[in-house]
Protein chains: 2
Amino acid sequence: MDEFKRKDFPYSRILSSMCTTPHPLAVKAHVKFITSNLGDPALFRGAKELEDRVIEMLGSFMHNPKARGYVTSGGTEANIQALRAFRNLKKLANPNVVVPESAHFSFDKAGDILGIEIRKARLDEDYRVDLSDVERLIDEKTVGIVGIAGTTSLGQIDPIEDLSKLALEKDVFLHVDSAFGGFVIPFLYPKLKFDFRLEGVCSITIDPHKMGMATIPAGCILFRDERFLKALAVKTPYLITEEQFSLTGTRPATGVASTYAVLKYLGFEWLKKVVKRCMDVTLYLVEEMERLGFERVIDPVMNVACFKTERATEIRDELYRRGWAVSVIENPRALRFVVMPHVTFRVIDEFISTLKDVLRNI
Amino acid sequence: MDEFKRKDFPYSRILSSMCTTPHPLAVKAHVKFITSNLGDPALFRGAKELEDRVIEMLGSFMHNPKARGYVTSGGTEANIQALRAFRNLKKLANPNVVVPESAHFSFDKAGDILGIEIRKARLDEDYRVDLSDVERLIDEKTVGIVGIAGTTSLGQIDPIEDLSKLALEKDVFLHVDSAFGGFVIPFLYPKLKFDFRLEGVCSITIDPHKMGMATIPAGCILFRDERFLKALAVKTPYLITEEQFSLTGTRPATGVASTYAVLKYLGFEWLKKVVKRCMDVTLYLVEEMERLGFERVIDPVMNVACFKTERATEIRDELYRRGWAVSVIENPRALRFVVMPHVTFRVIDEFISTLKDVLRNI
């Protein structure tokens, strides 16, 4: 198996992923719960209790200690479940949801799966969703709108406060996808409201296996109240518990345990330090890239940075051949970096040195 | 964390789950791939290669080495994806799928999620789906039918060969849910065709984390050919690979690695021995239960056994209070046991002794 493992990129060469090396404590907790099945919570009561505590901690972190939800397989399941709850509660024929053009592709997937039309709202010049375009796209078939707090491409934050007002005014639900930003924004911009402090926000995606330093799989969906969770219920005849809300059936407790370990034993203050370090490295990367003549797409809002270049794909492919992973975005054409905790100053130095050589040779 | 772990039932007291303690080799492989993300296969090439090999091995095991598919979060995702592929290929308004009454509740969940009407066909006196009722329920909106090879309640096997003929005749797709039975039937009844040997079978659910002795999460969906997988494709703009077929985005490689370890280093012959041992214990359980006056619902087809009793819930609840997990089915009212590899002769002896005491006291 080691032979296969060596073919995986090591994280120290990955500048394009929102996952990272989990903390050793998270790994230890993961292994301890490796056999537990949260699909059968009456049998795995300890694991279930851990999940309840994780939901309470994350609900409080999102300013709603009474939030209901569960630890998902990741952000995609969380986004699907939010839209499913909206659809099931509104009960409209041919429903649609309005998302920003910058929304993660999981919304396209959710649309296909759920039979919901996904309408894409334009972005403004700062790559935040254009509120007037969201308003234009809402009609009597709209069950919800989506705001992104930390876009996949740029780490930009949509005007969630305005979206919240609009959602209340139009009587549609609002889902906030902060799969990545949920563990970043509260540390960098504690006064920025993107969560349950805003009355219109009905659900939030926040993934411990991204900036929460937990092991895969650990996403999370939080709902403002029970009503949304109930809209997902399916009867479970042969189990002791009577209903199931999760998209999956059998469900690992590993991500729950690793998340609990991080939140309880390392804590939010430690995560704040991790995020601040990531921001320092991000700014260092921006400096180094600009020294090479690249232009930033936006001032980094979080630990994601993009640099315009028409040769983005060419550069990415040559870096890939040399064992480095960066990614490419199309609008605008740019190289994209996610500066996760495994991306240290030293990794940036090594990367920049390789990049210089690549630029000389392509 | 140990305090929480102690609140989980140990597997040696669980007679109601289709999960079990994975083999130590599976755990070792799991841990080795704990950081890999199959949602980004261009970066985790070793993990992806392992998955390709697992799919090839399981495809061959199901008599179609060219089967396409992937390792899912479990049987629920596999069942959802099969129905989604059928729906997307048939492109009918208000689609329906006909499933046996004995189908797992994941089909109700899939129906809600996908907007597919789930029609339930009656069972015959042996709790196998009634073919004429399936035929009666098929109409011009039917995109597929489902057969169960190893029902959740009784471990019964539907007449898949007949369903296959019917599917071809009616021009609908056929999905076989052998989440549990896929790793049992080929060992006990090697001549019984329930897989790709039958021309009508388009997709199969077979879960390594059930009788495959792998770690959670490891389900598997296999499709007869590429066409079904393509019907699930979503574009992935910022990744190096261009499309994604899985329901989830970020996706652990742990279940893939543990499945590979089991299939490659322990092998199908070893699994066959495990299954035969489970059957021996099952027959021993039946003997012991009948000695206590319980009547079997059917002769056990696989390592699942049910015993009629009007006091099923009462008995289950008292056993639960004493730290033993069994489950209850409603049609007919019975106690249900799944005799997984962790359920040894000794476990049965201890259980029967507790059960005797329960019966004296309730």
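Definitions and limits used
- Residues numbered from 1 in each chain as written.
- Chains lettered and ligands numbered in written order.
- Predicted model: local features only at pLDDT ≥ 70, side-chain atom pairs only at ≥ 80, totals over all residues.
- Heavy atoms only, no water.
- Buried < 20%, exposed > 50% of the residue type's maximum accessible area, 1.4 Å probe, protein only.
- Helix = DSSP H or I, 4+ residues; strand = E, 2+ residues; numbered from the N terminus.
- Arc of directions from axis to C-beta.
- Contact = heavy atoms within 4.5 Å.
- Buried area = accessible area lost by both parts, 1.4 Å probe.
- Salt bridge = Lys/Arg side-chain N within 4 Å of Asp/Glu carboxyl O.
- Polar contact = N/O pair within 3.5 Å; in protein donor to acceptor, adjacent residues only side chain to side chain.
- Nonpolar A, V, L, I, M, F, W, Y, C, P; charged D, E, K, R; others polar.
- Domains from an automatic or database assignment.

Enquirer: Let's hear about helix 7 (residues 160-170) of chain B: which residues, and what values?
Expert: An α-helical segment advances 3.6 residues per turn. Residues three or four places apart therefore align on the same side. Residues and elements named next belong to chain B. Burial in helix 7 covers these residues: Ile160, Leu163, Ser164, Leu166 and Ala167. Viewed along the axis of helix 7, the buried residues span an arc of 165°, placing them on a single side of the element. Among the exposed residues of helix 7, those oriented more than 90 degrees off its buried face are Lys165 and Glu169. Its buried side turned inward, helix 7 meets helix 6 (131-137), strand 4 (142-148), strand 5 (173-177) and strand 6 (201-205). Looking one or two residues beyond helix 7, the residue adopting positive phi is Asp171, at roughly 55°.

Enquirer: Quick rundown of the environment of B:Thr236? Include the residues and the values.
Expert: The topology assignment puts B:Thr236 in the loop between strand 8 (234-235) and strand 9 (243-244). Overall, the relative accessible area of 3% leaves B:Thr236 in the buried class. Look past the residues within four positions of B:Thr236 in its chain and what remains in contact with it is A:Phe105, B:Thr241, B:Glu242, B:Glu243 and B:Gln244.

Enquirer: Please give an account of the interface of chain A and chain B that cites residues and values.
Expert: Taken residue by residue, the interface counts 74 residues in chain A and 74 residues in chain B. Buried area between chain A and chain B, both sides added, is near 6900 Å², and the carbon and sulfur share of it is 62%. Along the contact surface separating chain A from chain B lie 8 salt bridges. Along the contact surface separating chain A from chain B lie 41 residue pairs in polar contact (both at pLDDT 80 or more). Looking at which element gives the most residues to the side of chain A that touches chain B, the answer is helix 3 (residues 45-61) of chain A, with 6 residues. For the side of chain A that touches chain B, the residue count by class is 36 nonpolar, 21 polar and 17 charged.

Enquirer: Give a detailed account of the domain arrangement of chain A, specifying residues and quantitative values.
Expert: All names here are of chain A. Taken domain by domain, chain A holds domain 1 (2-19 + 268-361) and domain 2 (24-264). Placing the centre of domain 1 and that of domain 2 at their C-alpha centroids yields a distance of 27 Å. Facing 25 residues of domain 1, the contacting portion of domain 2 comprises 30 residues. Of all residues in domain 1, the largest losses of buried area upon contact with domain 2 belong to Met18, Phe268 and Met302, amounting jointly to 30% of the total for that side. Among the elements of the structure, helix 10 (254-291), strand 11 (304-308) and strand 13 (333-338) are those that each provide at least two residues to the side of domain 1 that touches domain 2. If you tally residues by element for the side of domain 1 that touches domain 2, the top one is helix 10, at 9 residues. A per-class count over the side of domain 1 that touches domain 2 returns 20 nonpolar, 2 polar and 3 charged.

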